[in-house]
Amino acid sequence: MIAADLSRCRLYGILDLGYVESAELTKVAGQMMDGGADLIQLRAKTHSCAQIAALAVDLHRCTAARGVPLVINDHPEVARIVPAEGVHVGQDDLPVAEVREMAGPNCMLGKSTHSLDQAIRAFYEGADYIGFGPIFATPTKPDYPAIGLEEIRKVHEAVPIPIFCIGGIKLDNLPKVIEAGARRVVMVSGWLQAKDIVAYARAAKELLNRKPHPPEADANPKSQCPS
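This section reports on the structure supplied with the text. For every chain, the first residue of the written sequence is number 1, and numbering continues from 1 along that sequence. Residues qualify for local features only when their pLDDT is at least 70, as the model is predicted, and side-chain atom pairs are given and counted only at 80 or more; totals for whole chains, interfaces and linings, by contrast, use all residues. Calculation of side-chain values draws on the structure's entire complement of heavy atoms; hydrogens and water are dropped beforehand.

## Quick look at the overall build of the protein chain
Worth spelling out the cut-off: Each helix is a run of H or I in the DSSP string that is no shorter than four residues. Each strand is a run of E no shorter than two, and both are numbered from the N terminus. For this measure, only C-alpha atoms enter the radius of gyration; the expected value for a globule follows 2.2 Å times N^0.38, where N is the number of residues. Here the term buried applies to any residue with accessible area under 20% of the maximum for its type, exposed to any over 50%, and partly exposed to those in between, with areas from a 1.4 Å probe on protein chains only. Every residue pair with non-hydrogen atoms within 4.5 Å of one another is taken to be in contact. Reported accessibility uses the Shrake-Rupley method at a 1.4 Å probe radius. Residues are deemed covered only where the shown protein chains occlude them.
Summing up its helical and strand segments, the protein chain has 9 helices and 8 strands in all. Taking 2.2 N^0.38 as the reference for a compact globule, 227 residues should give roughly 17 Å; the C-alpha atoms of the protein chain span a radius of gyration of 16 Å, in line with that estimate. Over its C-alpha atoms, taken along the principal directions, the protein chain stretches across nearly 40 × 40 × 35 Å. Split into buried and exposed, the 227 residues of the protein chain put 56% on the buried side. If you take every contact in the protein chain between residues at least 6 apart in sequence, the share linking residues at least 24 apart comes to 64%. Split by element, the accessible area of the protein chain, about 9900 Å² in all, is 52% carbon and sulfur.

Listed below in structure tokens is the structure:
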């Protein structure tokens, strides 16, 4: 594992194959890391498990060489095969305990949550971090209504593991998200569709780093990112 604490991670990038061609994955991942991505997730909703595994092998070589953890969306069995550093699941996927058994004991586990109650439950289920959103309406989560900014501070007060706000977050609204209490964010379409991915990421990271790291009780040896 990459020896650094997830609590220090601020910027989480998702490589969504709805926006990125398979042949461009490692190139775009490199640009994301050049811009300061602390975590990278491979999301491939329309691909088979075998296809995702094949893509993840090459992608993991790229991320591991830079010391950035790779997270596999939805498929814990792929995370174990590659082996990737993390796996991320949604509300309709297997329970956290079953996912952890499939992915392996050293694999960090994240879970998507769409309300304060779901966030609290994910913590007690044993998730290492949560995604909280969608903060704003987003085409990647059309079935979920936007949460808005009001719940961000509440979820940080209630859940003592790393929380990554997600959903429609872009450079133009990121200051509002941070002001509302966010410490970490996930970016997808705004980042991947930017003319200059590196510059976009650096600008986002700079905004996030202006807010000092608060003390947290989320030190978990499985929850790691580059320092």
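## What to know about the packing of helix α1 (residues 25–34) against helix α2 (residues 49–66)
Let me state the cut-off plainly: Helix axes are fitted only over the stretch in contact, all axes being lines through C-alpha atoms; the angle between N-to-C directions runs from 0 to 180 degrees. Note that the term roughly parallel is reserved for angles under 35 degrees, roughly antiparallel for angles over 145, roughly perpendicular for angles of 65 to 115, and oblique for everything else. By definition, turning the near helix anticlockwise from the far helix through less than a right angle yields a left-handed crossing, and turning it clockwise yields a right-handed one. Each residue gets one of three labels, nonpolar for Ala, Val, Leu, Ile, Met, Phe, Trp, Tyr, Cys and Pro, charged for Asp, Glu, Lys and Arg, and polar for the others, Gly among them.
Remark: α1 packs on α2, axes separated minimally by 10 Å, with the N-to-C direction vectors making an angle of 25 degrees. Here α2 runs roughly parallel to α1, going by the angle between their axes. Crossing of α1 over α2 shows right-handed handedness. Between α1 and α2, the contacting residues are Leu-25, Thr-26, Ala-29, Gly-30, Met-33 and Asp-34 on the first element and Leu-55, Asp-58, Leu-59, Cys-62, Thr-63 and Arg-66 on the second. In the contact of α1 with α2, the residues fall into 6 nonpolar, 3 polar and 3 charged.

## Quick look at empty space enclosed by the protein
In this approach a probe as big as a water molecule rolls over the atoms, and the regions it shows empty are the leftover space. Note the threshold: Residues are called lining when one of their atoms sits within 4 Å of a cavity or pocket point, these points coming from a 1 Å grid over the protein atoms alone, where a cavity is a set in which a 1.4 Å probe fits but cannot get out and a pocket is an open set with protein on both sides within 12 Å along at least five of seven lines. Grid points are joined across faces, edges and corners, and a volume is the space filled by probe spheres set on the points.
This model, assessed by the stated rule, comprises 2 cavities of 30 Å³ or more. Taken as a whole, the second largest cavity holds about 70 Å³ of empty space. Around the second largest cavity, the lining is made up of 12 residues, and of these Ile-14, Gln-41, His-88, Ile-166 and Val-186 lie nearest the centre. Broken down by secondary-structure element, the contributors of at least two residues to the lining of the second largest cavity are β1 (11–16), β2 (39–43) and β6 (129–132). The class makeup of the residues in the lining of the second largest cavity is 6 nonpolar, 4 polar and 2 charged.

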